[in-house]
Structures are given as C-alpha cells and as structure tokens.
Amino acid sequence: MNSTLTTDRQDERLSGNEGLRGAIADVVERARGGDLGVIPVVVGLIVIWTVLQILNPIFLSSANLVNLTLESAATGIIALGIVCVLLVGQIDLSVGSVSGLSGAVLAVLFVVKGLPVWLAIVAAVIMGAVIGWVYAQLFNRFGVPSFVITMAGLLAFLGLQLYVLGTKGSINLPFDSGLVNFAQLDFVPAWLSYCFAVIAAVWLFGSGYLHAQERRRAGLSARSLSMLLIRSLALLAVLAFVVYYLGQTRGIGWMFIFFVALVLIMHYMLSRTKWGRAVYAVGGNVEAARRAGINVKAVYTSVFVLCSSFAAVGGILAAARLAAANQSSGSGDVNLNAIAAAVIGGTSLFGGRGTAFGALLGIIVIQSISSGLTLLNLDSSIRFVVTGIVLLLAVVVDSIARKSRTSHGRA
Amino acid sequence: MSPTQQADSVLSLRGISKTFGAVAALTDIDLDVAAGQVMAIVGDNGAGKSTLVKILSGVHPPDSGTITFESRDIHIPTPAAAHKLGIATVFQDLALCENLNVIQNLFLGQEVRPLRLNDVAMETRSWDLLRQLSAKIPSVRVPVAALSGGQRQTVAIARSLLGDPKVIILDEPTAALGVAQTAEVLNLVERLRENGLGVIMISHNMADVQAVADTVAVLRLGRNNGVFDVGAVSTEEIIAAITGATDNAVSQRQARRKEGLPS
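Residues numbered from 1 in each chain as written. Chains lettered and ligands numbered in written order. Predicted model: local features only at pLDDT ≥ 70, side-chain atom pairs only at ≥ 80, totals over all residues. Heavy atoms only, no water.

### Thoughts on the interface of chain A and chain B
On the chain B side, the residues contacting the 31 residues of chain A number 34 residues. Summed over both sides, the interface between chain A and chain B buries roughly 2,800 Å², with carbon and sulfur atoms accounting for 54% of that surface. Per-residue buried area on chain A facing chain B is highest for R272(A), K274(A) and R277(A); these three make up 25% of the total on that side. Connecting chain A to chain B are four salt bridges. Close ionic contact of D119(B) with R277(A) constitutes a salt bridge, the shortest N to O distance being 3.6 Å. Connecting chain A to chain B are ten residue pairs in polar contact (both at pLDDT 80 or more). Of all the secondary structure elements, the ones that give two or more residues to the side of chain A that touches chain B are α8 (190-217), α10 (254-272), α11 (274-284) and α12 (286-291) of chain A. Tallied by class, the residues present in the side of chain A that touches chain B amount to eleven nonpolar, nine polar and eleven charged. (Contact = heavy atoms within 4.5 Å. Buried area = accessible area lost by both parts, 1.4 Å probe. Salt bridge = Lys/Arg side-chain N within 4 Å of Asp/Glu carboxyl O. Polar contact = N/O pair within 3.5 Å; in protein donor to acceptor, adjacent residues only side chain to side chain. Helix = DSSP H or I, 4+ residues; strand = E, 2+ residues; numbered from the N terminus. Nonpolar A, V, L, I, M, F, W, Y, C, P; charged D, E, K, R; others polar.)

### Brief notes about helix α2 (residues 39-55) of chain A
All names here are of chain A. Helix length check: α2 (17 residues) gives 24 Å between terminal C-alpha atoms against 24 Å at 1.5 Å per residue, within 8%. Looking only at α2, the buried set comprises V41, L45, I48 and L52. Down the axis of α2, the smallest arc covering the buried residues is 75°, so these residues share one side. Opposite the buried face of α2, at more than 90 degrees from it, the exposed residues are I46 and I54. On the buried face of α2, the contacting elements are α14 (334-344) and α15 (356-375). (Expected span 1.5 Å × (residues − 1). Buried < 20%, exposed > 50% of the residue type's maximum accessible area, 1.4 Å probe, protein only. Arc of directions from axis to C-beta.)

### Details of the sheet that holds strand β7 (residues 167-171) of chain B
Residue and element names in this part refer to chain B. If you walk across this open sheet you meet the six strands as β6-β7-β8-β3-β9-β10, and the pairing is mixed. At either margin of the open sheet sits one strand with a lone partner, and together these are β6 (87-90) and β10 (223-229). Strand-to-strand, the axes of this sheet are offset by a mean angle of 20°, without reference to chain direction. In this sheet, β10 lies alongside strand β9 (residues 215-220) in antiparallel orientation, the contact comprising five bridges. Note on β10: the bridge partner recorded for T215 is D229. In this fold helix α2 (residues 49-56) packs onto β3 (37-43), β6, β7, β8 (198-202) and β9, with an angle of close to 135° to the strand it touches most, β3. In this fold helix α9 (residues 235-243) packs onto β3, β9 and β10, with an angle of close to 25° to the strand it touches most, β9. (Pairing = 2+ DSSP bridges. Axes fitted to C-alpha atoms, helices over the stretch in contact; angles between N-to-C directions.)

### Thoughts on unusual backbone geometry
Residue and element names in this part refer to chain B. Backbone geometry places S71, a non-glycine residue, at a positive phi of 55°. Note on placement: S71 falls in the loop between β4 (64-69) and β5 (72-74). A positive phi angle, near 60°, is found at R113, a position not held by glycine. Relative to the assigned elements, R113 resides in the loop between α4 (102-106) and α5 (119-132). Under the relative-accessibility criterion, R113 is labelled partly exposed at 34%.

### Section: the packing of aromatic side chains
According to the stated counting rule, one finds nine aromatic pairs over all chains in the structure shown. Measuring from ring centre to ring centre gives 5.9 Å for F241(A) and Y245(A), while their planes differ by 15°; the resulting arrangement is stacked. Residue F241(A) and its partner Y245(A) are both found in helix α9 (residues 225-246); the two are separated by four residues, about one turn of the helix. What makes F241(A) exposed here is its relative accessible area of 52%. What makes Y245(A) partly exposed here is its relative accessible area of 27%. Ring centres 6.1 Å apart and planes at 70° place the aromatic pair F256(A) and F259(A) in the edge-to-face group. With F256(A) and F259(A) both in helix α10, this residue pair falls three residues apart, about one helical turn. The pair F256(A) / F259(A) is uniform in exposure class, with both members buried. Ring-pair connections join several aromatic residues into one group, and the members of that group are F139(A), Y300(A) and F304(A). Geometry around F91(B) places R291(A) over its ring, the cationic atom sitting 4.8 Å from the centre. (Phe/Tyr/Trp six-rings, centres within 6.5 Å; stacked < 30°, edge-to-face > 60°. Lys NZ or Arg CZ within 6 Å of the ring centre and 35° of its normal.)

### Section: a nonpolar patch on the surface
All names here are of chain A. Residues W118, L119, V122, I126, V130, W133, V134, L138 and F142 make up a contiguous nonpolar surface patch of about 860 Å² in total accessible area. One can find I126 in helix α5 (residues 117-142). For I126, a relative accessible area of 48% gives the class partly exposed. (Patch = residues over 30% accessible without salt bridge, like charges linked within 9 Å, V, L, I, M, F, W, Y side chains within 5 Å. Areas by Shrake-Rupley, 256 points an atom, 1.4 Å probe, with all protein chains shown as cover.)

### What about the pattern of salt bridges?
If the charged atoms of two oppositely charged side chains come close together, the side chains can form a pair. Going through the model one piece at a time under the given rule, you end up with 16 salt bridges over all chains. Here R290(A) ties to E287(A) by a salt bridge, and the two come within 3.1 Å at their closest N and O atoms. Highlighted residues: R290(A) and E287(A), both in helix α12, separated by three residues, approximately one helical turn. You can call R290(A) partly exposed: its relative accessible area is 47%. Here the salt bridges share partners, and the residues they tie into one network are D8(A), R215(A), E123(B) and R141(B).

These values are about where atoms sit, not about what they do.
Quick look at the structure:
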C-alpha cells in the first residue's frame, strides 16, 4: 500500500489492477461475470473469417473486403438505429420496410418529379422521422407494445412502398448523379485515409491524456501515460494496416466513412451526454428513470424517431448503391440483418446494454457471412439458414451472459 | 403544542387529512420534525404511513391541513417540488438502475454538463457524498447490480442528499436487509442526524426504532396515536399504541396534553 492513494482507490478491498496487465485482468474478470462486451463478436468474427478463408481464398482478399465495407454501410446505419431502440428495451421490426419506402420516395421525387437530389434526400429522411414519431405517439399514448406497432408498420409501409413505385415497380437512379457516385465510386484518397488514421490515434491519445490530467488534478486515479500511448499506437497500427490493405485495391469508400462517422457520433451521444444516460436508464429501470425526473416519453420518442430516420438514411444509401429503387428494396433479409447485427454486436434484447460500436462489428459479421457464402456460390436459401443460426447463437449468448450476470451480481 | 417545540422544528404538519373515496386514510395528523433529529413513524399495515410519506413527497396532495417548512406554509404539488423545497424521500424500492454504475445512479437526471458529461466532477462529488455518510463502497464505477442491499440503500440515500435537503424521509430502510447491513444503514441514519438533517424514518422494526430514533410517532387507523420520546418509552408501550390493544395510560396522557391539561 503506498501512502498517496487516490480518492477512488482507498478501499482496501480493491484489487490493484493497474497498468496493462491490470487492464487485461479487468476484462477477463468482467467477462467471467457475464459482462461480455464485444468479446463474443470479435471471437465470432475471427472464427467466421478463418472458416470462410479456408473455404475460399478470395474471401480475405483486398477487393472482397472493400466490397464488404461498402455493402455494410446501408444496413449498418439501420442497425445503429436498432441499437438505440433495443437500449430502451423496445424493438422496431419495420426498419426494412421504412428503408425500402424511403428509397422509393427518394427515387420518385428525384427521378420522376425531377426535384434536386438533396431535397429528395431531406424529404425521405423527414418521412422516416415522422414515421418514428407516429410509432412513439402510439406507444406513449396507448401503451401498445412496440413490436406490434412496428409489425403493423412493416406491412403498411411495404404496401406504401409498392404504391409509391406504381405499376413499373422499379425506378433507376441516373449513374451520373452525385448520390450514386457517393455510394459506388467515391473513395478516400490513400493519403487522406492515412491522415484519418493518424487523426484518430492522436485524438484518442489527446482526449485520454487531457482526461487523465483532469482526473489527477481532482485526486482520482488515472491511466498512465504509457497505457495511453500503447492504446493509441495499437489503434494507429490497426487503422494503418486496414488502410494499407484495402488500399491495395480501391481503398475505403466515402460511404463507409460516413457510416463510421455516424457510429462515432452515436457513441458520443450515448456515452457522453445526458440524453445517452437517460436512454440507458430507461432501458435499465423505467420507473427509476421516471422518478429521477427523466421525461421517459420524450426519451422513447427520440429513440423511435432516431431509429426510423436511420432506417430512411440506410434505405437511401441502399438505393444509391443499387442505383435503383424497386419493389424488393428493403424486403427479405434487410430487416432481420439489421436487428441481427445489433444483437450480434452485443446489444441486449432486454434493454440497457449495448454500444454504438456493436452495430459496426455486428454488421461486419453479418456481411462477412453473406459475402462468404455468395463467394461459395451458395444461394440465398443457405445464406438465410446460416444467418438465422448466427442470430440465434447471438441471442443465446446474450441470454447466458444475462444469467451469468445475475449469478455474479452484475445484472 | 408548546411554542418552543414549533420554533426549532423544520417541518410541521397540522391537521393533515386525506381520504381515498370513502376511506379516511389519514385524519388530523400533527407532526413536528426538528433539524438533527430522527423521528420514527411506526404503525400497523394500513395505519397510513405510506400515505403520509406520499403527501410529504408530493405524490398525493392532502385534503386539508397545513404543512409548515422552515416557518413557511407550503404546498407540495409534485415530487419535483418536494425535492426543490428540500424534502428528499428514499422509497422502499430505492429506484436504482442496476445497469448503471454508482456515479451514474447518483447523478441520474441531474448530470453535470449535459452535452459533455463531466465525469470527473461527478466522481469527485460522489466520493464526497459517500465519505459524508462514511459509506463502505469500494468502487463507484461498478454497476449497482454488484452491490449488496445495504450498499444500494447507501447509494439511494446518497442520491437524495445531492440537492442538500433539510428533511429526508426513509421508507422502511432496513426491510429485507441482513444483520450487518441493517447496522450499516442505521449508522447512516446516525450520520444524517449528525449532519443536521431532520430524518423521518418509517419502520416496522422496534429494535431499529429504539436504536436510532429520538422520537417515535405512532399511527393507528390513520390517526395520531401518540408521540413518544424514545428514551422514555418501552417497546411494549409502543406496540400497545400500534395495536391499540389497551386504552393505555400513554395515550390518555397524550390526549390530556393535547387539550392543554396538566399531565
């Protein structure tokens, strides 16, 4: 025991987990208690990538991985919305239909009506927000379970999508439009990609350093300088390698950068703002949140609006990537992939647990399976089965972890 | 009631009544809580303890009667109003979010710097509060789910202290706690008194009442059935007043006092 203990480490029952070894020990300790975080998804990703690479050596090729990032963005953004809804312990089953409708609205306004593309995008996103608002009103006023409301939405908005598209059933977006360009051909130049990697590492170090200084001034324990350095250098190494490897072919698409930026923004919103705390609190214990003076209905409204808006954005990007909006946009597995991505990324179906990064990791798992099986020339029947099994595994892991948390007193 | 008693009391109730439909939950309740004093409120099920707590915490308004707080007549329309006045209530179910850690629970709904949470300030203040209560919580960064019942009670009490209240109401703080944890919570109550707060403690447990309370008010069927000085009353007498088993000397004396007659 040294004599200059910080305020938060004075209790003699605390084990002295400091430095790198302490950090690792902490993670192991928490995982044993059922607080798995992103461990299952990282392990899952390694297993899936290994298996698929053995089955088909093209899988981990740069070209295929570039494709994978581009394919992830649209559904990943939808999954980001699902994460928010799951955090308050609710669900939105209609994101697929809303994304399809949003793509259709965009195509009709942009191509058929000839509006400027930005106006069509804004209109589609506002439509998404309104849908979320309506869900929230139904939920808050009448107390209808969210899965029933959104299941009704699933069917209704699919119908609306077919109606909007009319008899033709498919509208092509012009290839020379900025939107299609953005989704298909716009790649970040190599030098800028490396800049992004460096900025991210410096940012991580800088914010960590300032935070540690502030904690030390307040007499609290803080990460050591070497820990901060190791952490940001590790991030730099990983990002630089990703940039280098993807740069072997086309590099990193702006659409993927856009997705990652949204993930970072949502991460900040959820972990560093009062709103984020309210979201976790409502998911953990609604009554406690209400008594703490949180406007629970407003939290539900914000989350439903956010989810549908993200679904609309995802739909726009999916249409742009396909350069068309058609009757099957947003149908089939989009819905389930988005929900599966959120759950696989460690978001609990029981509410109150999960992170924005979960959406990113989860969608990469889902897209890896999809891409790997496509490379093997297996048709969608098998893909559906495999994705279904992976989702089931993720949910089982979630439930087991929850049980383990209860028995280790961390529920 | 003598004038001196009223002068040093921080919270006084006079003639509080509340009916739900045809049921008179509370009739003509008088109470005085002084700063630095622990008043235990005891009574059988249905005696009106919970209703009294709800009136004081702003959940239900009283039908009649006056509440005086720091020598001002006040109304408590909402829980938020009670909090703002300086009357904090710790309900029996504590209302903590188990998935959030101690700091997050303490500051829930009143975070420092809403758009860029100031974790350092909140953690420092959390330690201050816990220190103030001499609380035994090893780390404030563990989820509340990992804490024992007594520690959770501590967190709930610490949270109620955030707004610097004058009066704190504890609803059955030791129910469902083990021996050691009960002792821990009773220590907390002592600490609250030392810090100059008026404490109202609802309890079923006579041992706890004898251990920490200064005065004990007995409710029976929605009426005052005597206010006793804990040092001068035996457990049997309190129980008799709760159950109304005897038309006992104590209640008669109380009645005489009320009418201003010599006791």
